[in-house]
Amino acid sequence: MTKKLMVGKVAVGGGAPVSIQSMCNTKTDDVAATVAQIHALEDAGCEIIRVAVPDEDAAKAVDKIKEQIDIPLIADIHFNYKLALMCAERGIDALRINPGNIGGEERVRAVAEACRQRNIPIRIGVNGGSLEKDLRAKYGGVTAEALVESAMGHVKLLNRYDFDDICISVKCSDVPLTMRAYTLLSQQTDYPLHLGVTEAGTPSMGMVKSAMGIGGLLCMGIGDTIRVTLTADPVEEICAAKKILRAAGLRKDGVNLIACPTCGRTRIDLIPMAEEVERRLMNCTKNITVAVMGCAVNGPGEAAAADVGIAGGKGEGLIFRKGEILYKVPQERLVDALMEEIEKL
């Protein structure tokens with residue numbers, strides 16, 4: 001059990017549901033474009049959003065953005081402590097900043113005090129690509145131990161100024177290394193952990209890396225909030241995150257679609273049929289399992305746990321519920337009949 005902190009109205013840690021994050025790729029000082037993207041992300045299921053704050057123009061846009069959105073807003077800041085103070089004054093809900101990178105003790109103290117007075121949590125975000133040179137030298141490169149030591153060193157800086165509202169991430173593009181780092185970190189601290197595999201790549205490979213790294217850690221009970229990083233429209237990150245949480249058994253909203261891989265017994269054009277079912281169910285929020293099976297003999301048996309499903313035959317197929325065959329329909333009617341049964345649930 002990790003500590004609980006509040007990012008705006010969203011609880012992170014302390015047994016709260018694992019929340020989904022993303023980051024805007026708009027210029028933050030383009031308020032209209034940033035707000036529009038946040039609204040699209042909200043509609044997709046994003047629960048916490050982060051924006052880059054590289055300069056004063058971006059920091060000055062924070063309150064204007066917050067006025068027009070409903071989810072918590074995090075400012076991502078590197079090196080310049082004044083930007084952190086500006087964002088705190090403008091009502092930011094959380095900061096992503098490494099206190100060791102913003103200058104001397106007085107600067108760290110100023111940020112810690114500003115955030116403590118306003119109940120603004122700080123995420124310490126350590127990345128393998130930006131690990132401190134002395135730690136690289138000490139450990140002979142980027143290792144799990146080096147990532148964790150870096151993170152805990154930043155924690156100590158904030159603790160020195162009586163600040164403890166902290167979340168931590170130790171991301172790397174290497175999946176096994178990332179998993180080792182988070183596992184080690186979870187053994188050393190009870191701060192909530194933000195999971196991610198950084199620079200995961202385009203959706204085709206990035207989804208696999210994220211599912212392995214983030215999903216694997218979640219299945220071990222590690223992680224309180226997640227961000228899937230994809231070189232794509234950020235909305236795709238939200239879709240991927242929701243799928244990972246469902247696969248890990250942490251989200252029950254939405255349809256669990258199961259489908260057989262097809263084999264020599266298949267006598268129906270199953271692949272486009274499964275894709276069509278998936279498309280039609282994209283916005284369905286019912287907590288149900290739907291099966292699309294290619295064999296009329298084994299389908300209802302292999303997918304007996306499904307709330308409803310179809311099993312194909314030659315030119316026709318079966319509609320079944322919880323393994324019980326309901327009726328037979330022509331192939332061209334299978335998907336429509338399935339959707340009609342789903343409507344009844």
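This one's a predicted model, so the numbers in the text were calculated from it and none came from an experiment.

Engineer: Is there a simple way to explain the environment of Val142 in this structure?
Structural biologist: Mapped onto the fold, Val142 is located in the loop between helix H6 (133–139) and helix H7 (144–159). Taking relative accessible area as the criterion, Val142 reaches 26% and is therefore assigned partly exposed. Sequence separation of Val142 and Ile325 is 183 residues, and the distance between their C-alpha atoms is 56 Å. For Val142, the contacting residues outside a window of four places in its chain are Gly128, Leu131, Arg136, Leu147 and Leu177.

Engineer: When you look at the state of the cysteines in this model, what are you seeing that I'm missing?
Structural biologist: A covalent bond bridging the sulfur atoms of two cysteines is what the word disulfide describes. Under the counting rule described, the total for this entry stands at 0 disulfides. Summary of cysteine pairing: Cys167 is not part of a disulfide, and the nearest cysteine sulfur, belonging to Cys115, is at 14 Å. Counting only cysteine sulfurs, Cys46 is the nearest neighbor of Cys239, a cysteine outside any disulfide, at a range of 11 Å. For Cys239, a relative accessible area of 38% gives the class partly exposed.

Engineer: How do you make sense of the side chain of Thr34 when you look at a structure like this?
Structural biologist: Within the secondary structure, Thr34 is located in helix H1 (residues 31–44). Residue classification places Thr34 among the buried positions, given a relative accessible area of 0%. Side-chain polar atoms of Thr34 contact the backbone oxygen of Lys27, separated by 3.1 Å. For Thr34, the residues in contact, after removing those within four places along its chain, are Cys24, Thr26, Lys27, Thr28, Val51 and Ile65.

Engineer: How should empty space enclosed by the protein be read in this particular structure?
Structural biologist: Here the idea is plain: a probe the size of a water molecule rolls over the atoms and shows the empty space left. Per the stated rule, a full pass over the model turns up 1 cavity of 30 Å³ or more. In this structure, the largest cavity occupies an estimated 90 Å³ of space. The wall of the largest cavity is formed by Leu5, Val7, Val12, Gln21, Ile74, Ala94, Leu95, Pro121, Ile122, Arg123, Cys167 and Thr225. Those elements that provide at least two residues to the lining of the largest cavity are strand E1 (5–7), strand E6 (94–96) and strand E7 (122–127). Tallied by class, the residues present in the lining of the largest cavity amount to 9 nonpolar, 2 polar and 1 charged.

Engineer: Can you help me understand the pattern of salt bridges in this one?
Structural biologist: Charged atoms that come close allow side chains of opposite charge to pair. The tally for this structure, following the rule as stated, stands at 18 salt bridges. Note that Asp307 and Lys322 form a salt bridge whose closest N and O atoms lie 3.5 Å from each other. Residue Asp307 is located in the loop between helix H12 (299–302) and strand E13 (308–312), and its partner Lys322 is located in the loop between strand E14 (316–321) and strand E15 (324–330); the two are separated by 15 residues in the primary sequence. A salt bridge links Arg321 to Glu341; the nearest nitrogen and oxygen atoms lie 2.9 Å apart. Here Arg321, found in strand E14, pairs with Glu341, found in helix H13 (residues 334–344); they are 20 residues apart in sequence, far enough to count as distant. Take Arg321: its relative accessible area is 31%, and that puts it in the partly exposed class. The exposure class of Glu341 is buried, given its relative accessible area of 3%. Through salt bridges with shared partners, a single ionic network connects Glu276, Arg279, Arg280 and Asp336.

Definitions and cut-offs
Residues numbered from 1 in each chain as written. Predicted model: local features only at pLDDT ≥ 70, side-chain atom pairs only at ≥ 80, totals over all residues. Heavy atoms only, no water. Helix = DSSP H or I, 4+ residues; strand = E, 2+ residues; numbered from the N terminus. Buried < 20%, exposed > 50% of the residue type's maximum accessible area, 1.4 Å probe, protein only. Contact = heavy atoms within 4.5 Å. Disulfide = S-S within 2.5 Å. Polar contact = N/O pair within 3.5 Å; in protein donor to acceptor, adjacent residues only side chain to side chain. 1 Å grid on protein atoms, 1.4 Å probe; cavity = no way out; pocket = protein on both sides within 12 Å on 5 of 7 lines; lining within 4 Å. Points joined across faces, edges and corners; volume = space filled by probe spheres on them. Nonpolar A, V, L, I, M, F, W, Y, C, P; charged D, E, K, R; others polar. Salt bridge = Lys/Arg side-chain N within 4 Å of Asp/Glu carboxyl O.

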